[in-house]
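Listed below, chain by chain, are the residues.
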Amino acid sequence: MTSSTTTQSVLDQPPLVQGGLDFAGVTQTVIGVVESKETPKIWFALFGVSVILLLMLLGMIGHLIWTGVGVWGNNVPVAWGWPIVNFVFWVGIGHAGTLISAILFLFRQGWRTGINRFAEAMTIFAVICAGLFPGIHIGRVWLAYWLFPIPNQMEMWPQFRSPLLWDVFAVSTYFTVSAMFWYLGLVPDIATIRDRATTPIRKLIYGLLALGWRGSARQWHRYERAYLILAALSTPLVLSVHSVVSFDFAVSQIPGWHTTIFPPYFVAGAIFSGFAMVVTLAVPARALFNMKNLITDRHLESMNKVILATGMMVGYAYSIEFFIAWYSGNALERFTFINRAFGWYAWAYWIMVSCNVLAPQVFWFKKMRTSVPVMMVVAILVNVGMWFERFVIVITSLSRDYLPSSWGYFSPTGVDIAMFVGSFGLFFTLFLLFLRFLPMVAVAEVKNVMDQAHPSHH
Amino acid sequence: MAHALTADELRQQTTLGEDASSWSNRLLGIGLLLLLGSAAYAFAGPEGSWRQFQFSYHIAFCFFLSMTLGALWFVTIHHLVGAKWSTTVRRVAELTMGSFPLLLVLFLPTLFSVLKGDDGLFLWVSHEKMESSHLLHGKIAFLNPTFFIVRVAIYFAVWIGFARFFASNSRAQDLNGDVMLTAKMRKLAPLAIILFALTTTFAAFDFLMALEPEWFSTIFGVYFFAGCALSFFCSTIVITMLAQEKGRLQGIVTAEHYHDLGKWTFAFVFFWGYIAFSQFMLIWYANLPEETFWFRDRFEGSWISIAVFILLGHLLIPFGGLVSRHVKRNRAALAFWAVTLLLMHWVDLYWIAMPVLHEKGVEFHMFDVSLLLGIGGVFAGLWLKRAQGGLLAPVKDPYFEASLRFKNM
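All of the points below concern the structure found in this document. The model shown is predicted, which means the values in this text are computed figures rather than measured ones.

With respect to the overall build of chain A
In step 1: Counting secondary structure elements, chain A contains 17 helices and zero strands.
In step 2: Here chain A has a C-alpha radius of gyration of 23 Å; the compact-globule value for 458 residues is 23 Å, and the two agree.
In step 3: For chain A, the spread of C-alpha atoms along the principal axes amounts to about 70 × 60 × 40 Å.
In step 4: For chain A, with 458 residues in total, the buried portion stands at 56%.
In step 5: For chain A, contacts bridging at least 24 residues in sequence account for 82% of all contacts bridging at least 6.

This is the structure:
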């Protein structure tokens, strides 16, 4: 048909797998990385730096436990300092993976297959980094298990009315389901590594991890079923986790924290920051391991569109908050927002607005959306901006509470900074190990969206 | 669908018959009669009838406005994301969003009463009352008749403008099948969605939140939007099923499309619940008097039973009812939920607005029904008139075939 050729040229997107790869080519591209004896030198360099930072983090945690939380800058009135900022920052990043795997799956977005695997891995590692901060924030770390409602002879229970406790449940549920989802997707690909293994050690390890996968029709049938159910379970979790995190702030009466739009606004921000992190990692990873045929420019462009869309949602929330602060007629609300934009922390507020609202605007142009240097700059700016968003929320509201006599200016200590930097060490150590030893692209799923898998459509 | 539709069948399935025009006249006649009868009673009836009329009318107006806004959102998002499955039902949405000019006309009485200084519906119209409270005094810059009219003019300009843009290009495509028209609509969709978000939010503030001028909630625009989308999907399910009863759209809107429409309905039942819960829980938990009074008033007397009814009928029961794929693919079951949720959406709007008038408890009035049916009759009558002027599906859309073929896994 002539009309279909014009349709394709004007409206349709390029195929999701480039470079003329067939099924075997896709397998080789991804599994070849795991099987290769040669690790790129830059991988070793990055891994070395990450492990050093991780060791620094561990040292700082030891220092903190030995000395006490006084080593942080937290103090009255800003009793929630960087640890909570970092917690919310990392949880937010941990939202992209599940959104890509679950919600984009339900939306039948074929392009998610190229990036879902390592977005999910990133999610899990980010949630680990996130869980660390409240864990060490509780003061007596050795009693952290009190957070769980374990029956005990003293009849002591956690405070069920506190959103901080809901966080424990929300984040641990999210972590469990994300990890299951990720592992379920990995099983067929791990079985492929097992089947291609040339050394007994590799055969043994990947064989154990493959859980006896044989790729029979019945197994695939059950796999697809489980995948759909996990996607449906994960979808509300994408909303619930960051909504509960937002409750930590919004149930309070502190101006700037107590506002009803917080739950959806936090979720949009989380997806925004998560996608920015996926782009930040995908661009170098695909170059390093030659994945450009699987993680194509189209994938990156689609992610940039999501960044633009969620950035606009975050901008919407900033604006509505500002408007309602005025409209409410509440003097304290009005003061808080004027103080954010023009007070002592105005620099942080404007970094937030520039990075989160202004920077993504360049993605209106296709040239910018598809330019690798531009998207790297924007993605990193968004990461910075989203950290500052949490900084603005936590610090500005606390540092200017109801009593001017207790007002203060928050300054982080060296330990604060070292721990935040160290959390990147933890994150990248795990992520680099994943890139090297597990298939970073979902081989079986990518094959499913290739034209060859749908011969009837030709 | 067992076989592909021939050109003749396609034409027959997408063109309304002769009886449509008599139906449309009947609906218009009944609607106008109800509206005029109610208006006459409002002026001639006992003390307080006019205020009751204003509230019942405003709720009915908001009900049909929300559905129409949902249609505009759906068409915009269809082009924004380059959706394919929704192509066969998109025309129904385009016909629904053609109602904006009617809604503007229907809003004129309210606008006129604001201009006249009638503070029966919107308390803020009274300058004295605004001056008497310190909290309200600070809002005069926003809540005043002049700025209100400017805002309403902007809302309708945006809505009518984009609705016309999408509908007319889509109809033009029926004739020539030009792919560039789709490209053109996609190009404008991002701007449309931004302006849609802003106008819908502020319309929610103006039309519903400002009924209690002291009250504020940053999520209220999203709450109203959830109702818009939900009522749109339910109304589309009802409309397409009615068309199929009359032997139209058969083989064009299939169980696959109903399945997806059902998924969206389910999604917005959930989303509405999420937003409603967020709004309620945060206000309840923080317990600040400047916010909690809104819920206190809506739990007063018999209003609490309406609140519980909404919790059950708008969220918990339909959530359970719509989970299963069998329900979404079963015509009777899906129709049941679509009609139920449309009614629940009206109850939701009623619960938001009416406690301002009846503070002590629920007092149903004949106007609640007569004006809903009255506006509904005119709305449906003009919908049918628009539908007669063209096809019921965008048959030359580049993705029409793909949409016909599409299957849920």
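That shown, we press on.
Here we look at the interface of chain A and chain B
In step 1: With 40 residues of chain A at the interface, the matching set in chain B holds 52 residues.
In step 2: Taken together, both faces of the contact between chain A and chain B bury some 3,700 Å²; the carbon and sulfur share is 72%.
In step 3: Applying the counting rule to chain A against chain B returns one salt bridge.
In step 4: Across the salt bridge formed by B:D260 and A:R108, the nearest N and O atoms sit 2.4 Å from each other.
In step 5: Elements supplying a minimum of two residues to the side of chain A that touches chain B: α1 (2-10), α7 (163-196), α9 (217-250), α10 (262-288) and α11 (297-327) of chain A.
In step 6: Looking at which element gives the most residues to the side of chain A that touches chain B, the answer is α11(A), with eight residues.
In step 7: Taken together, the residues of the side of chain A that touches chain B break down into 23 nonpolar, twelve polar and five charged.

Some thoughts on the packing of aromatic side chains
Residue and element names in this part refer to chain A.
In step 1: Counted according to the given criterion, the structure contains 112 aromatic pairs over all chains.
In step 2: Judged by centre distance (4.8 Å) and plane angle (10 degrees), the rings of W43 and F47 are stacked. With W43 and F47 both in helix α3 (residues 41-67) and four residues apart, the pair spans about one turn of that helix.
In step 3: The ring centre of F437 lies 5.7 Å from the NZ or CZ of R436, which sits over that ring.

What about helix α4 (residues 82-93) of chain A?
Residues and elements named next belong to chain A.
In step 1: In a regular helix each residue adds 1.5 Å, so twelve residues correspond to 16 Å; α4 covers 16 Å between its end C-alpha atoms and thus fits that length.
In step 2: In terms of burial, α4 is largely enclosed, as twelve of its twelve residues are buried.
In step 3: Those residues of α4 that sit buried are W82, P83, I84, V85, N86, F87, V88, F89, W90, V91, G92 and I93.

Quick notes on the environment of B:A333
Residues and elements named next belong to chain B.
In step 1: Relative to the assigned elements, A333 resides in helix α15 (residues 331-353).
In step 2: With a relative accessible area of 22%, A333 lands in the partly exposed category.
In step 3: Note: C-alpha distance between A333 and A44 (289 residues apart in sequence) is 44 Å.

A closer look at the pattern of salt bridges
Side chains that differ in charge, positive against negative, can pair when their charged atoms come close.
Residue and element names in this part refer to chain B.
In step 1: This model, assessed by the stated rule, comprises 18 salt bridges over all chains.
In step 2: When the shortest N-O distance is used, the salt bridge between R151 and D206 registers 2.7 Å. With R151 in helix α8 (residues 145-176) and D206 in helix α9 (residues 179-207), this residue pair connects regions lying 55 residues apart in the sequence. Here the two residues R151 and D206 agree in accessibility, since each one is buried.

Focus on the nonpolar core
In step 1: Counting 294 residues, the largest nonpolar core has A:W90, A:F275 and B:F207 as the members making the most contacts within it.
In step 2: Excluding residues within four positions of it along the chain, B:F207 makes contact with B:H58, B:F61, B:C62, B:L65, B:F107, B:F122, B:F148, B:V152 and B:Y155.

Describing the side chain of A:S101
Residue and element names in this part refer to chain A.
In step 1: Inspection of the secondary structure puts S101 in helix α5 (residues 96-106).
In step 2: Owing to a relative accessible area of 0%, S101 belongs among the buried residues under this scheme.
In step 3: Here G97 takes part through its backbone oxygen, which lies 2.7 Å from a polar atom of the side chain of S101.
In step 4: Beyond its immediate stretch of four places on either side in the chain, S101 contacts R112, N116, E120, F181 and Y227.

Here's the deal with a nonpolar patch on the surface
All names here are of chain B.
In step 1: Residues F299, I304, V308, L311, L312, L316 and I317 make up a contiguous nonpolar surface patch of about 570 Å² in total accessible area.
In step 2: Examining the composition of the nonpolar patch, we find that six residues originate from one element, helix α13 (residues 303-322), more than from any other.
In step 3: Mapped onto the fold, I304 is located in helix α13.

What to know about unusual backbone geometry
In step 1: A cis amide bond, omega 5 degrees, links A:V76 with the succeeding residue A:P77.
In step 2: In this structure, A:P77 sits in the loop between α3 and α4.
In step 3: Despite not being glycine, A:N290 shows a phi value in the positive range, around 55 degrees.
In step 4: Position of A:N290 relative to the elements: it lies in the loop between α10 and α11.
In step 5: Although it is not a glycine, B:N287 sits at a positive phi angle of roughly 60 degrees.
In step 6: Mapped onto the fold, B:N287 is located in the loop between α11 (255-286) and α12 (289-299).

A short note on the side chain of A:S50
Residues and elements named next belong to chain A.
In step 1: With respect to the helices and strands, S50 occurs in helix α3.
In step 2: One polar contact links the side chain of S50 to the main-chain carbonyl oxygen of L46, over a distance of 2.8 Å.
In step 3: In contact with S50, other than residues within four places in its own chain, are G425, F428, T429 and L432.

What counts, and at which threshold
- Residues numbered from 1 in each chain as written.
- Chains lettered and ligands numbered in written order.
- Predicted model: local features only at pLDDT ≥ 70, side-chain atom pairs only at ≥ 80, totals over all residues.
- Heavy atoms only, no water.
- Helix = DSSP H or I, 4+ residues; strand = E, 2+ residues; numbered from the N terminus.
- Rg over C-alpha atoms; globule rule 2.2 N^0.38 Å.
- Buried < 20%, exposed > 50% of the residue type's maximum accessible area, 1.4 Å probe, protein only.
- Contact = heavy atoms within 4.5 Å.
- Buried area = accessible area lost by both parts, 1.4 Å probe.
- Salt bridge = Lys/Arg side-chain N within 4 Å of Asp/Glu carboxyl O.
- Nonpolar A, V, L, I, M, F, W, Y, C, P; charged D, E, K, R; others polar.
- Phe/Tyr/Trp six-rings, centres within 6.5 Å; stacked < 30°, edge-to-face > 60°.
- Lys NZ or Arg CZ within 6 Å of the ring centre and 35° of its normal.
- Expected span 1.5 Å × (residues − 1).
- Core = buried A, V, L, I, M, F, W, Y, C linked by side-chain atoms within 4.5 Å.
- Polar contact = N/O pair within 3.5 Å; in protein donor to acceptor, adjacent residues only side chain to side chain.
- Patch = residues over 30% accessible without salt bridge, like charges linked within 9 Å, V, L, I, M, F, W, Y side chains within 5 Å.
- Areas by Shrake-Rupley, 256 points an atom, 1.4 Å probe, with all protein chains shown as cover.

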